[in-house]
Amino acid sequence: MADAAPLVSVVIPVFNAADTLAGTVASVQAQSLTDWEALLIEDGSTDESPAICARLAAADPRLRLLRTGGQAGAGPARNAGIAAARGRFIAFLDADDQWHPRKLDLQLAAMAAAGLPFSCTAYDRVPVGGARGGGGSGPCQPGGSAENQYRRLFDRDL
């Protein structure tokens, strides 16, 4: 019997992301919505990214490793992920970015409430080793609930 398709397929193109990839994947694994798969599309990295992808995929059955067979670029890598995706919804995450732990459940809830078939959101720029929302540099400000902060991000893009 085949596994049930996940609700969300997370497409993560990977190229020379050895320093950030584990944190990126950890932010997906920490999602409050757990009905997802993540597709790591390895795009011919010359650093330790291929080994990290393989190790992560071997440790979590929700992670699938795909390879472009060279350095195709981020767009073709995303397209390969879309083609392999099994989820009803597709989400994109760069290998040097991280998500808020409630990103998926809050975004899907907002989409359902508004009757939207798709959406995109803004982001909060966080300096390496820095605090989220510091200095008013992004749309999320310190304090307030995660839901309110995420709604501000979502509403900004409607």
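Our subject is the structure that appears above.
Computed from a predicted model, the values in this text were never measured in an experiment.

Caption draft 1: The overall build of the chain, seen in detail. If you tally the helices and strands in the chain, you get five helices and four strands. Each helix (α) and strand (β) of the chain, taken in turn from the N terminus, gives the series β-α-β-α-β-α-β-α-α. Counting only residues that meet the buried cut, the chain has 37% of its 158 residues in that class. Look at the contacts in the chain between residues 6 or more apart in sequence, and 74% of them connect residues 24 or more apart. When the accessible area of the chain is evaluated, it comes to approximately 8,500 Å², of which 54% is carbon and sulfur surface.

Caption draft 2: Molecular detail of the sheet that holds strand E1 (residues 8-14). Read across the open sheet, the four strands follow the order E3-E2-E1-E4; overall the sheet is parallel. Both edges of this open sheet fall to strand E3 (63-67) and strand E4 (89-92), since each of them pairs with a single strand only. Direction aside, the axes of adjacent strands within the sheet are offset by 25° on average. In the sheet, E1 pairs with strand E2 (residues 36-42) via seven bridges, with the strands oriented parallel. Bridge pairing in E2 places Ile-12 opposite Leu-40. Along the sheet, helix H1 (residues 21-29) contacts E1, E2 and E3; its crossing angle with E2, the most-contacted strand, is approximately 165°. Packed on one face of the sheet, helix H4 (residues 103-114) meets E1, E2 and E4 and runs near 130° to E4.

Caption draft 3: Spatial organisation of the side chain of Ser-9. Along the chain, Ser-9 turns up in strand E1. Overall, Ser-9 belongs to the buried group, its relative accessible area being 0%. Separated by 2.5 Å, the side chains of Ser-9 and Glu-37 make a polar contact. If we ignore the near neighbours within four places in the chain, the residues touching Ser-9 are Glu-37, Ala-85, Arg-86, Gly-87, Phe-89, Ile-90 and Ala-91.

Caption draft 4: Main features of the packing of aromatic side chains. As enumerated under the stated definition, the model contains zero aromatic pairs in all. Over the ring of Trp-99 we find Lys-103, and its NZ or CZ is 5.2 Å from the ring centre.

Caption draft 5: Structural context of the pattern of salt bridges. The final tally for this structure, using the stated rule, is five salt bridges. Here Asp-60 makes a salt bridge to Arg-62, at a shortest N to O gap of 2.9 Å. Exposure remark for Asp-60: the relative accessible area of 8% places this residue in the buried category. Notably, a salt bridge pairs Asp-105 with Arg-102, separated by 3.1 Å at the nearest N-O pair. Classification of Asp-105 by relative accessible area gives buried; the value is 18%. Residue Arg-102 is classed as partly exposed on the basis of its relative accessible area of 31%.

Caption draft 6: Structural detail: unusual backbone geometry. We note that Asn-16 has phi near 45°; this positive angle belongs to a residue other than glycine. Turning to its location among the elements, Asn-16 is positioned in the loop between E1 and H1.

Rules behind the numbers
- Residues numbered from 1 in each chain as written.
- Predicted model: local features only at pLDDT ≥ 70, side-chain atom pairs only at ≥ 80, totals over all residues.
- Heavy atoms only, no water.
- Helix = DSSP H or I, 4+ residues; strand = E, 2+ residues; numbered from the N terminus.
- Buried < 20%, exposed > 50% of the residue type's maximum accessible area, 1.4 Å probe, protein only.
- Contact = heavy atoms within 4.5 Å.
- Areas by Shrake-Rupley, 256 points an atom, 1.4 Å probe, with all protein chains shown as cover.
- Pairing = 2+ DSSP bridges.
- Axes fitted to C-alpha atoms, helices over the stretch in contact; angles between N-to-C directions.
- Polar contact = N/O pair within 3.5 Å; in protein donor to acceptor, adjacent residues only side chain to side chain.
- Phe/Tyr/Trp six-rings, centres within 6.5 Å; stacked < 30°, edge-to-face > 60°.
- Lys NZ or Arg CZ within 6 Å of the ring centre and 35° of its normal.
- Salt bridge = Lys/Arg side-chain N within 4 Å of Asp/Glu carboxyl O.

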